[in-house]
Amino acid sequence: MKLEILDDFNIEKFRHDLISWFETEQRDLPWRMNKDPYRVWVSEIMLQQTRVEAVKPYYANFMEKFPTLEALANAEDEEVLKAWEGLGYYSRARNLHTAVKEVKEQYGGKVPSDVKQIEKLKGVGPYTKGAILSIAYGIPEPAVDGNVMRVLSRILSIWDDIAKPKTRKVFEDVVRQIISKENPSYFNQGLMELGALICIPKNPSCLLCPVREHCRAFAEGVQKELPVKSKAKAPKMVPLVAGVLRTEDGKYVVNKRESTGLLANMWEFPNVEIGEGIRNHKQQFTDYMKEKFSLSVSIDEYAMNVQHTFTHRMWDIFVFYGTVTGTIAEADRLKMITIQEFEQLPISKSHRTIFEECVKKLQP
DNA sequence: GAGCCGTGGCC
DNA sequence: TGGCCAAGGCT
């Protein structure tokens, strides 16, 4: 079932040109030190939707703390989340931890090289599956990410909208036809490296491109029109009111978020979404603390406003200083702790901002 | 399929 | 400055 789109495409020479270029020009990255499947796995999870430069320090720290699959499997959840703090998409950390424990128990600690087994692991989707299999085990599976779709859409002049999920299958079909069976690792990595260094989203460096002679978009001068990618929806504004609450003995009230959803299991200052049409933020906050935690809160003063934009949501947080007088009922997710203890917990970016401002102000 | 899920850097 | 972008996966 040869694809029509590959008519007149010199597959053999394309493979050769791509792999030769990758052999000489690839970056020296920490996760390319060897082909240890565990190290490859961790790097692929961290690199999801995340830049190489952002990953580097986290990867080094993570490998120091959890050098082996066994070490990660034996770690505490909160320790793993703390190592992920600031990297974003925190379900990646939870899923990786879950999957590693499963590999330890089900597969004797060896990352499976079987397609059916590896794709069942939490957090391992079509891309990561192909990346691990090809890079760690030399198995010719497609690893189609954003880079690969951009590069191949230009080279083969494919005008499908890459923002649509089903478009990935189009590219997987293409890769199955053209991937090198001799060196699938360098073929897949070569496509991604090309996308990162040469065939970049804006103003691609076509004159430096090792596979320029194969590129249909370059031949027709339309490389800047590809790939086609429809725009994402604008983030929705979500106003919140939060309290930095001190106890009589100088501790602070902190809350652990729910175990699923946004910033799952991360710690923050207690806060509540401001209801539609409600004007008295302070009142709503004290009511919330009373109803949900049976805590009597008195607000001292307005502290600051913090904005934070996620992919699909924008927080607008009104922060107040206050004090609590009651005692906390036995609730896992609410604690009174010192500044030093809070520092040790996984905290999201926006609440770390609040935290650091408050330390400046309250602990001179 | 569409919506949800973070953060930092670039121009 | 703000929109866009980055080695996706889950529900």
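Residues numbered from 1 in each chain as written. Chains lettered and ligands numbered in written order. Predicted model: local features only at pLDDT ≥ 70, side-chain atom pairs only at ≥ 80, totals over all residues. Heavy atoms only, no water.

As annotated in an unreviewed UniProt entry, chain A carries the name Adenine DNA glycosylase and comes from Bacillus bruguierae. Here is the UniProt Sequence similarities (unreviewed entry) comment for chain A, exactly as written: "Belongs to the Nth/MutY family." (UniProt positions renumbered as here; feature names shortened; annotations may be inferred.)

Draft legend 1. Molecular detail of the packing of aromatic side chains. Across all of its chains, the model carries 11 aromatic pairs by this definition. Plain terms: the ring middles of Phe22 and Tyr186 are 4.8 Å apart, the flat faces sit at 80° to each other, and that makes the pair edge-to-face. In this pair, Phe22 is assigned in helix 1 (residues 11-25) and Tyr186 in helix 11 (residues 184-197), connecting sequence segments 164 residues apart. Tyr186 sits in the partly exposed class, given a relative accessible area of 26%. Ring centres of Tyr288 and Phe293 lie 6.0 Å apart, and the angle between their planes is 85°; this geometry places the pair in the edge-to-face category. Residue Tyr288 shares its accessibility class with Phe293, and that shared class is buried. (Phe/Tyr/Trp six-rings, centres within 6.5 Å; stacked < 30°, edge-to-face > 60°. Helix = DSSP H or I, 4+ residues; strand = E, 2+ residues; numbered from the N terminus. Buried < 20%, exposed > 50% of the residue type's maximum accessible area, 1.4 Å probe, protein only.)

Draft legend 2. Quick peek at the packing of helix 2 (residues 37-46) against helix 8 (residues 126-137). It is at 9 Å that the axes of helix 2 and helix 8 come closest, and there the two elements cross at 145°. Seen along the crossing, helix 2 lies across helix 8 with a hand that is right-handed. Residues Pro37, Val40, Trp41, Glu44 and Ile45 of helix 2 form the contact with helix 8, whose participating residues are Tyr127, Thr128, Ala131, Ile132, Ile135, Ala136 and Tyr137. Per-class residue counts for the contact of helix 2 with helix 8 are 10 nonpolar, one polar and one charged. (Axes fitted to C-alpha atoms, helices over the stretch in contact; angles between N-to-C directions. Left-handed = near helix turned anticlockwise from the far one by under 90°. Contact = heavy atoms within 4.5 Å. Nonpolar A, V, L, I, M, F, W, Y, C, P; charged D, E, K, R; others polar.)

Draft legend 3. Layout of the protein's contact with DNA strand B. Around DNA strand B, the surrounding shell holds 20 residues, and the nearest of these are Tyr90, Leu263, His308, Thr311 and His312. Here the atoms of DNA strand B within 4 Å of the protein split so that 63% fall in sugar or phosphate, with bases taking the remainder. For DNA strand B, a phosphate oxygen lies 2.4 Å from a polar atom in the backbone of Leu263. Contacts to DNA strand B include Lys349, whose backbone N or O atom sits 3.1 Å from a phosphate oxygen. Of the residues contributing to the surface near DNA strand B, the split by class is six nonpolar, 10 polar and four charged. (Near = heavy atom within 4 Å. Polar contact = N/O pair within 3.5 Å; in protein donor to acceptor, adjacent residues only side chain to side chain.)

Draft legend 4. Quick look at unusual backbone geometry. With an omega of 0°, the peptide bond running from Leu226 to Pro227 counts as cis. One can find Pro227 in the loop between helix 12 (216-220) and strand 1 (236-246). Unusually for a residue other than glycine, Asp8 sits at a positive phi of about 65°. Mapped onto the secondary structure, Asp8 falls in the segment before helix 1.

Draft legend 5. Representation of the environment of Ser185 in the model. Tracing the backbone shows Ser185 in helix 11. Between the C-alpha atom of Ser185 and that of Ala217, which follows or precedes it by 32 residues, the distance is 25 Å.

Draft legend 6. Representation of the pairing of strand 5 (residues 297-309) in the model. Bridging between strand 5 and strand 6 (residues 313-324) involves 11 bridges; their strand directions are antiparallel. Looking at strand 6, one finds that Val306 is bridged to Ile317. Counting the residues in the hairpin turn of strand 5 and strand 6 gives three residues. (Pairing = 2+ DSSP bridges.)

Draft legend 7. Here's a closer look at the pattern of salt bridges. Tallied over the entire structure, the rule returns 18 salt bridges. Among the salt bridges present, the one from Glu213 reaches Lys13, with a minimum N-O distance of 3.3 Å. Of this pair, Glu213 sits in the loop between helix 11 and helix 12 while Lys13 sits in helix 1, placing them 200 residues apart in sequence. Residue Glu213 is classed as exposed on the basis of its relative accessible area of 59%. (Salt bridge = Lys/Arg side-chain N within 4 Å of Asp/Glu carboxyl O.)

Draft legend 8. The protein's contact with DNA strand C, seen in detail. Around DNA strand C, a shell composed of 24 residues is seen, among which Gln49, Asp145, Asn147, Arg150 and Pro201 lie nearest. The separation between a base nitrogen of DNA strand C and a polar side-chain atom of Arg32 is 3.2 Å. Gly125 is positioned with one of its backbone polar atoms (N or O) 2.9 Å from a phosphate oxygen of DNA strand C. For the surface near DNA strand C, the elements supplying multiple residues, two or more each, are helix 8 and helix 9 (146-155). Broken down by class, the residue content of the surface near DNA strand C amounts to eight nonpolar, eight polar and eight charged.

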